[in-house]
Every structure is written in structure tokens, then in C-alpha cells.
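Listed here are the chains, written in short residue letters.
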Amino acid sequence: MEAFTTHTGRAVPLRRSNVDTDQIIPAHWLKKVTRNGFEDGLFEAWRKDESFVLNAPQYAGATVLLAGSDFGTGSSREHAVWALQNYGFKTVISSRFADIFRGNSLKNGLLTVVLPQQTVEELWQLVEADPTAEITVDLVAREVRADRPQGPLTAPFELDDNARWRLLEGLDDISLTLANEPDIAAFESTRPSWKPSTAQV
Amino acid sequence: MGRTLAEKVWDDHVVRRAEGEPDLLFIDLHLLHEVTSPQAFDGLRMNGRRVRRTDLTIATEDHNTPTLDIDKPIADPVSRTQLETLRKNCAEFEVRLHPLGDIEQGVVHVVGPQLGLTQPGTTVVCGDSHTSTHGAFGALAFGIGTSQVEHVLATQTLPLAPFRTMAVTVDGELPDGVTAKDLILAVISRIGTGGGQGYVIEYRGSAIEKLSMESRMTVCNMSIEAGARAGMIAPDRTTFDYLEGRAHAPKGADWDAAVAYWKTLRTDDDAAFDHEVRIDAGELTPFVTWGTNPGQGAPLSASVPDPASYDDPSDRLAAEKALEYMGLTAGQPLREVAVDTVFVGSCTNGRIEDLRAAAAVVGGRKVADGVRMLVVPGSVRVALQAVEEGLDRVFTAAGAEWRHAGCSMCLGMNPDQLAPGERSASTSNRNFEGRQGKGGRTHLVSPQVAAATAVLGHLASPADLSDAPDASVLEEA
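Residues numbered from 1 in each chain as written. Chains lettered and ligands numbered in written order. Predicted model: local features only at pLDDT ≥ 70, side-chain atom pairs only at ≥ 80, totals over all residues. Heavy atoms only, no water.

J.: Just checking my understanding: could you explain the overall build of chain B for this structure?
T.: Scanning chain B from N- to C-terminus turns up 17 helices and 19 strands. Over its C-alpha atoms, taken along the principal directions, chain B stretches across nearly 60 × 55 × 45 Å. When contacts within chain B are restricted to residue pairs at least 6 apart in sequence, those whose partners lie at least 24 apart make up 76%. Roughly 15,900 Å² of accessible area belongs to chain B as shown, and the carbon and sulfur atoms make up 49% of that amount. (Helix = DSSP H or I, 4+ residues; strand = E, 2+ residues; numbered from the N terminus. Contact = heavy atoms within 4.5 Å. Areas by Shrake-Rupley, 256 points an atom, 1.4 Å probe, with all protein chains shown as cover.)

J.: What am I meant to see in the interface of chain A and chain B here?
T.: Often, the extent of an interface is quoted as the loss of accessible area on bringing the components together. Opposite the 57 residues of chain A that make contact, chain B presents 80 residues. Both faces considered, chain A and chain B share a buried interface measuring about 5,500 Å² in area, 52% of it formed by carbon and sulfur atoms. Contact with chain B buries area across many residues of chain A, yet Lys-31, Trp-194 and Thr-198 of chain A alone supply 15% of it, more than any other trio. For the interface between chain A and chain B, the tally reads 11 salt bridges. Where Arg-16 of chain B meets Asp-183 of chain A, a salt bridge forms, and the shortest distance between an N and an O atom there is 3.4 Å. At the boundary of chain A and chain B, one finds 42 residue pairs in polar contact (both at pLDDT 80 or more). Looking at the side of chain A that touches chain B, the elements that each hand over two or more residues are helix H1 (21-24), helix H3 (79-87), helix H4 (99-108), helix H6 (161-169), helix H7 (173-178) and helix H8 (181-189) of chain A. Of the residues assigned to the side of chain A that touches chain B, the class counts are 16 nonpolar, 19 polar and 22 charged. (Buried area = accessible area lost by both parts, 1.4 Å probe. Salt bridge = Lys/Arg side-chain N within 4 Å of Asp/Glu carboxyl O. Polar contact = N/O pair within 3.5 Å; in protein donor to acceptor, adjacent residues only side chain to side chain. Nonpolar A, V, L, I, M, F, W, Y, C, P; charged D, E, K, R; others polar.)

J.: What is the right way to look at a negative patch on the surface in this model?
T.: Together, Asp-49 and Glu-50 of chain A together with Asp-306, Glu-320 and Glu-324 of chain B make up a region of like negative charge exposed at the surface. Following the sequence through the fold, Asp-306 of chain B ends up in the loop between strand E14 (297-299) and helix H11 (313-326). (Patch = residues over 30% accessible without salt bridge, like charges linked within 9 Å, V, L, I, M, F, W, Y side chains within 5 Å. Lys, Arg positive; Asp, Glu negative; His and termini not counted. Charge placed at Lys NZ, Arg CZ, Asp CG, Glu CD.)

J.: Got a minute to help me understand the UniProt feature "domain: Aconitase A/isopropylmalate dehydratase small subunit swivel" (unreviewed entry) in chain A in this structure?
T.: The UniProt entry lists residues 1-117 of chain A under the feature "domain: Aconitase A/isopropylmalate dehydratase small subunit swivel" (unreviewed entry), expressed in the numbering used here. Here residues 1-117 of chain A is 24% helix and 18% strand, with 29 Å between the C-alpha atoms at its ends. (UniProt positions renumbered as here; feature names shortened; annotations may be inferred.)

J.: In this structure, what is going on with H11 of chain B? I would like to understand it.
T.: In an α-helix, one turn spans 3.6 residues, which is why side chains three or four residues apart end up on the same side. All names here are of chain B. Here H11 spans 20 Å end to end across 14 residues, near enough to the 20 Å set by a 1.5 Å rise per residue. Inspection of H11 places Ala-319, Ala-322, Leu-323, Tyr-325 and Met-326 among the buried residues, and these make up the whole buried set. Buried residues along H11 cover an arc of 160 degrees about the axis, so they all sit on one side. Exposed side chains of H11 directed beyond 90 degrees from the buried face belong to Pro-313 and Glu-324. Gly-327 occupies a position one or two residues after H11 and carries a positive phi of about 65 degrees. (Expected span 1.5 Å × (residues − 1). Buried < 20%, exposed > 50% of the residue type's maximum accessible area, 1.4 Å probe, protein only. Arc of directions from axis to C-beta.)

J.: In this structure, what is going on with the pairing of strand E4 (residues 57-60) of chain B? I would like to understand it.
T.: Every other side chain in a regular strand lies on the same face of the sheet, so the side chains alternate between the two faces. Residues and elements named next belong to chain B. Covered by surrounding structure in E4 are Thr-57 and Ala-59 together with Ile-58 and Thr-60, the residues of both alternating faces. Judged from the 3 bridges that link them, strand E3 (residues 29-32) and E4 form a sheet pairing that is parallel. Across the sheet, Leu-31 pairs through a bridge with Ile-58, a residue of E4. Crossover connection from E3 via helix H2 (residues 38-46) to parallel E4: handedness right-handed. The pairing of E4 with strand E5 (residues 96-98) spans 3 bridges and is parallel. By the bridge assignment for E5, Ile-58 is matched with Arg-96. (Pairing = 2+ DSSP bridges. Right-handed = clockwise from strand over helix to strand, strands pointing away.)

J.: How should the UniProt feature "binding site: [4Fe-4S] cluster" (unreviewed entry) in chain B be read in this particular structure?
T.: Residue and element names in this part refer to chain B. The positions that UniProt labels "binding site: [4Fe-4S] cluster" (unreviewed entry) are, in the present scheme, Cys-347, Cys-407 and Cys-410. A maximum C-alpha distance of 8.8 Å is found for the annotated residues, which run over 64 residues; spatially they form one tight group. Narrowing the list just given to those that line the largest cavity leaves Cys-347, Cys-407 and Cys-410. Turning to its location among the elements, Cys-347 is positioned in helix H12 (residues 346-349). If we skip the residues at most four places from it in the chain, Cys-347 touches Val-107, His-109, Val-110, His-130, Thr-133, Asn-221 and Asn-429. Of note, Cys-407 is situated in the loop between strand E17 (401-402) and strand E18 (423-426). (1 Å grid on protein atoms, 1.4 Å probe; cavity = no way out; pocket = protein on both sides within 12 Å on 5 of 7 lines; lining within 4 Å.)

J.: What exactly am I supposed to notice about the nonpolar core here?
T.: The nonpolar side chains of a soluble globular protein tend to be buried, and buried together. Counting residues in each nonpolar core, the largest one holds 83 residues, and the members touching the most others are Phe-43, Phe-71 and Leu-84 of chain A together with Met-373 and Phe-395 of chain B. Of the residues that make up this core, three or more belong to each of domain 1 (5-275) and domain 2 (290-476) of chain B. Every residue in contact with Phe-71 of chain A, bar those within four places of it in the chain, is listed here: Leu-14, Val-19, Ile-24, Phe-43, Leu-65, Leu-84, Val-92, Ser-94, Arg-96, Phe-97, Ala-98 and Phe-101 of chain A. Membership of the second largest hydrophobic core comes to 79 residues, among which are Leu-5, Ala-136, Tyr-242 and Val-259 of chain B. (Core = buried A, V, L, I, M, F, W, Y, C linked by side-chain atoms within 4.5 Å. Domains from an automatic or database assignment.)

J.: Where do I start with the sheet that holds strand E8 (residues 157-160) of chain B in this structure?
T.: Whenever strands of a sheet pair, they do so through backbone hydrogen bonds, lying parallel or antiparallel. Residues and elements named next belong to chain B. Taken in spatial order, the 3 strands make up an open sheet running E1-E2-E8, and their pairing is antiparallel. With one partner strand each, in any of the chains shown, strand E1 (14-16) and E8 form the two edges of the open sheet. Taken pair by pair, the neighbouring strands of this sheet meet at an average axis angle of 40 degrees, ignoring direction. Relative to E8, strand E2 (residues 23-26) runs antiparallel, the two sharing 4 bridges. Within the sheet, the bridge partner assigned to Leu-25 lies in E8 and is Leu-158. (Axes fitted to C-alpha atoms, helices over the stretch in contact; angles between N-to-C directions.)

J.: For this particular structure, what's the right way to read the layout of surface pockets?
T.: Where empty space is left becomes clear once a probe the size of a water molecule has been rolled over the atoms. Reported here for the second largest pocket is a volume of approximately 800 Å³. Taken together, 29 residues line the second largest pocket, and the ones lying closest to its centre are Gln-23, Ala-45 and Trp-46 of chain A together with Tyr-325 and Glu-433 of chain B. Those elements that place two or more of their residues in the lining of the second largest pocket are strand E1 (6-14), H1 and helix H2 (44-47) of chain A together with H11 of chain B. The residue makeup of the lining of the second largest pocket, split by class, is 10 nonpolar, 8 polar and 11 charged. (Points joined across faces, edges and corners; volume = space filled by probe spheres on them.)

Here is the structure:
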């Protein structure tokens, strides 16, 4: 997995709640069998509308997505995370993420940051007023920082120590688990015979 | 203090618990399909890893599969490649696969239960958010992403963050014509699409206990639409009766040992939930969605809501955008919304009881002029059962199309799609923008409402049908 320590970049204000993963990457893109090449599918339907914020030239090349609440609801498709990363996003900020999307993001090194809606609103206002404004997401300090005309904004965010450590180091979860293989074998040896098996009967 | 059902199942699967680490849970059953697995198998190959427990893994083809001409090569080359990739991966890694054309093929969440693989007190995962379906058996079942699919293939375990518990208690009697689908749509509308975030929901109460296994699956299936990690129902006699005799259910002494354990899987009287919601079943009515997320629903007897009536500005904006996309106006009675297409099927409502319910409504009647009705059984087994009961002929006599099994128009990865601007009444689970085809507009409904809507051409319940069915058509079936 790609490690994440700190990132500074311009941000896109996506003022919309309940953005489901069908909007992030429509189902017909899911026929691909790779983890890359999804950038053109990102928000495909909305990007056909010239006024969609991702089409605004002042936000071209932005790497931070400032999303509304309940981002990533619906389908478990990890392709949504790959599409955001393929397009160039390094981090997504929202007041609430759907569980599966958040899990998928952290597995891929796309840092999802939960901030209070009021703070998201302040960041929206900042980048709407000045699209060149940069936002720093610092996983080491667990805080989001931005310079505003009225003074600096610093917002702490939570991420449990274990998830943070895996992101900072860019660790492979499967290798970590396999380091505890004897625990798995021990559990398996006590599994009752009546538990289900897919072996043909 | 006592424990909830979810906590008991969790505790019984902890492989490793260490300070500062997420619990490592053992996975009893891993279901695979063609869409979310290819990159996971690639990962195994790249790292020289194998599938640890092929005997706890099973695959089928459902999302891409056509529902017509299944004996011919799949027309869409990209879909064909994806299915062929699954076949190659399953052959290489020795995973049991039920491909298109196999008698056990079907929507993965219909196949698991009908084989008797989904059992109480198990952990079930699949790279598909509707894995919550299996919670109907008292299993802890949840959807995972492709990285986690790879993790389970390689280790048969998952490190998982702790969850919170929510009780949704539904007491009383569901009125005639009100189904499990209406119940769950009402629940989602109440708690919202993000209200379940971080929670495992346990559905309980007298109205839940009276539901059949298939209705319980409909309820648990849509837990994810409320944002919940999983939905569960405590196993009882209904659960045991459903399982007994199925291909992979325990037999003989194993059956007795299993039932003895399953009977312990109830939330203790002194257990506490982190959050509780109560619903009076007697107050529920047929429920439909008007918007572009499953929480935007209302009773069929209501009108399209006015966005101005929402206090929360983001809810108001969401409602405005939804009405614009759906081509609806505030105050319009939902019963007056005309549809082009009716879809009966999916992991939510594609089982035999759903088909029976829809057939009972359209039997002896005709699908309205200009309306296309697709009936897609959830699995080949469901299709065969329906044919044996003559349901396929009831549907075709009414003018509906009887198709082969698969996910079909629930998400339109195969050719079954809405055209731009087309409107459907659908027994599936998601009314997101473009979900059933680019520009398509979806109203989520029960099988009964879907069937009545097909006959009248606008959103309707069976109670709206004034004409008596044509008895001669029924006799032919």
C-alpha cells in the first residue's frame, strides 16, 4: 500500500451530501479487471454537466476532495477508491463516510478525514473564495491546516493508532495477518465439525 | 452484563485479540462473484499466495450475466472477459464455481442460503454490500472491498474495527398487503442513509418473529441502505425449519449439535444496545421511494414532499436535486406517477415468495399498454421452482417477460437497463441516479406494489385494482 504521512494541495468543494459509489464510479466501469484506468469514470455522469465543480478550470489538478456528509454510501465497490486515486486525489474530507468506503480507502492509502460539518463548511468557503488556497492534511500530527485571510485554521481529526501506523508505514495488511498464522491455525483446529463447508456433497 | 446476538457471534470468531490492534476475526463463509474478485486474485498471484480455505469459499456469476440467450456467447466482450477471468481464477485456485448455465447459478445472496451454507452464528463475507442479507439467519454478514476479499482468500480472517449495536424493534401485526419491503423502506426513511453508520442492527419484536425466512432476508438485505455494517435476526424455529435438509446444512448428530448452539444465539435479557428504534407494525402501509437514495421514501398514499419542508439545508438541497433528477414536482400524489418499466427480481426480492406474490397480483390481468415488466428470478433454482408452480406462464400470459436468473436491472451491468429518462418501479434496493441505466429513474417498491403498478401503469398497490382477474387465464396456468 502507498504510505501516507502528510499532504498539501488545492481542494475541490463538492457541496453535496449522500454521494453514493454509483456516482463516484458507475457500474459499467466495474467490468474492468485491473486496479487502474478508472480516472475517466470518476463522477462520469456529473462531469457531463459543464457546471459540475470538477470541470471548473480553477480546480484542475486539485488533490483534496472536500465532500458533503455521508460520502461513499451504497455499493462496496473498491473501484470508487481507485477512481479517486487514478484521478489524482490523495485525501477526502467529510463529516461522515460510509463504513465500507472508508475501509476501502484506508486499505489503499487514500486518507479519509472526518471533520465536523462546521469545519467542512469553513473549508468550502475558503476554497470557493480562493481556489488557489492550499489545505494540509497531516497524519503525523493528526490535523488539517489551512491559511485563511482571517487567520490560520487548524482542525484535529481522529484516526485510531493502528490504522494510522499502517498508513504511515504503508504496510501490507495481509503480511501483518500472516505473521500471526499460528493463531489462525489454532482457531481452525477447534472449529466444530458442523460448521458450514463448501466442499461438494 | 449480558451480550447482544452480534456480540456473541463476534466473540466466537476472535482469532487474535491484542491491545491496540483490531480484533482478527475468522470467516466461516466467503462468497465470490465476478466483479469484485479479479484484482484480489491478481494480488494473490503477485505475492505467490494461495487460497487458504477453498472449502469455505464458493463463487458464482451474477452481476454481468445476460438474462436472455444464455446459451449463446455473451455479446459484450468486456463482460465476457470478466466472467472468463473468474472461471480461470477459480480453476487455478481450485475454488468451487457455479457459472452461467449451472443449476446452482444465481445471485450470490440467493445461492448461499438456498444451498444451506448460510447458517446461524457464522461470519459471512462477500465483495458485495448486500451480504447483509445473510444476517437473516443470525449470521454476522457484511460486504467488503476487493482488498479485503484478497485478505480473506489469503488468510480466512479479517482485522475488524469494533461496532456499535442498534435494536430496531418492530412489534404488532403488519396490515394486509404490507410486506417486509415496506417495513425496511420505512425503517431506512426513519433513520436515514447514514443513520446506521458504525452499527450492526438487530431486528427484533413480534412482527419480525412472524416473518418468513425469505422476508427476513429482504429486511436484512437493505440494512446497508441505512448505512449499517450488518443487519441480524436471532435464529428460531423458522430458521431451523428453513435449513433442515438443505444440501450443506448439518446432518444427524451434527444437526443436533448445531441446533443446540444456534439456540444460544439470542440477545441476553440484560444486554444493552447503544441505540434503539421502535416501530409499530400496525401503522405501516405500502411504502415507495420518490428520490435518489433509499432514505427518500414515503407511504404510497402520500404526495411528493416539498423540499422547502426540510429544516436541514443539506437535506433540502438533496431533495431539490432528487426531484429535478426524478422529474417530479412537490405535491404530486405518488399514485399518479406513471412508469415505463417494472422490474421484479434482485437479492432483495428475487426469491420464490416474491415471485408468488407478484404472480398473485398480475394473474388473470394484463400489464398496462406501454409498460414493460421484467421478471428475473434470483437463481436457477428459484426459476425452476417458479416454472413447476406455473408462475412463469402467469407472468407471460399477463404480458410480462420471464427471464433467466441474475442481478439484471438492479444495477444494469448486463443489457437489462433503463433508457435515459425512463422510469421504473423496481423491487431492487437502490434508487441512485443512473443505477438502472444512465438517466434512468427508479422507485423502490415491494413485489406486490410492482405487480399492481405494472397492471395500472402508475404507482399502485393491489388494493387499487378494482377489476376482478380473468379466471380463464388463471386456469390455463
